[in-house]
Amino acid sequence: LAFVPVPPAPIVSVVAVSSTKNVAAGRTLQLAAVGRDANNNPVPTTFTWTSSNQAAAQVSGAGLVTGLAVAAPTPVTITATAPNGVFGQSVVTVY
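Since the structure is predicted, the reported quantities are computational estimates derived from the model, not experimental observations.

Student: Would you mind going over the overall build of the chain with me for this structure?
Tutor: Each helix and strand in the chain was counted, giving 0 helices and 10 strands. The order of α-helices and β-strands along the chain, N terminus first, is β-β-β-β-β-β-β-β-β-β. Relative to the compact-globule value of 12 Å for 95 residues, the chain shows a C-alpha radius of gyration of 16 Å, a clear excess of over 25%. Principal-axis analysis of the C-alpha atoms places the extent of the chain at approximately 65 × 20 × 20 Å. The proportion of buried residues among the 95 residues of the chain is 34%. Summing over all exposed atoms, the chain offers an accessible surface of approximately 5,700 Å²; the carbon and sulfur share of this is 60%.

Below, the structure written as structure tokens:
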């Protein structure tokens, strides 16, 4: 008998989540993302994380968001993108 690995199902959706939607300047917030297949089952994968406003919030490759100094509360869209281009977003307000 030969073992033939079965590749994971393609990711069709990504959900990016956090315990809160706010982060203060100088503080951090950990986001997490889950890729899901067509049957809504989780699929192990890696993500590329990006921030829509690098001046207000930066995000590490592991999804750690750092709030930067802002003049007024600023919503920032954080995006987690799977290798196949499917992405999920979470809006975080920096204050």
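Student: Explain unusual backbone geometry here, please?
Tutor: We note that asparagine 40 has phi near 70°; this positive angle belongs to a residue other than glycine. Within the fold, asparagine 40 resides in the loop between β4 (32–36) and β5 (42–43).

Student: Can you walk me through the side chain of threonine 79 in this structure?
Tutor: Assignment of secondary structure puts threonine 79 in strand β9 (residues 74–81). By relative accessible area, which is 11% here, threonine 79 ends up buried. Side-chain polar atoms of threonine 79 contact the side chain of glutamine 89, separated by 3.1 Å. Contact partners of threonine 79, with chain neighbours within four places excluded, come to Thr48, Trp49, Thr50, Phe87, Gly88 and Gln89.

Student: Explanation requested: the sheet that holds strand β6 (residues 48–51) in the structure shown.
Tutor: Two strands in a sheet stick together by hydrogen bonds in their backbones, pointing the same way (parallel) or opposite ways (antiparallel). Pairing is mixed across the open sheet formed by 4 strands, whose spatial order is β2-β10-β9-β6. What marks the edges here is a single partner per strand, and that holds for β2 (22–23) and β6. As defined by bridge partners, β2 adjoins strand β10 (residues 87–94) across 2 bridges and the pair is classed as parallel. Within β10, the residue paired with asparagine 22 across the bridge is threonine 93.

Here is what the cut-offs are and how they apply
Residues numbered from 1 in each chain as written. Predicted model: local features only at pLDDT ≥ 70, side-chain atom pairs only at ≥ 80, totals over all residues. Heavy atoms only, no water. Helix = DSSP H or I, 4+ residues; strand = E, 2+ residues; numbered from the N terminus. Rg over C-alpha atoms; globule rule 2.2 N^0.38 Å. Buried < 20%, exposed > 50% of the residue type's maximum accessible area, 1.4 Å probe, protein only. Areas by Shrake-Rupley, 256 points an atom, 1.4 Å probe, with all protein chains shown as cover. Polar contact = N/O pair within 3.5 Å; in protein donor to acceptor, adjacent residues only side chain to side chain. Contact = heavy atoms within 4.5 Å. Pairing = 2+ DSSP bridges.

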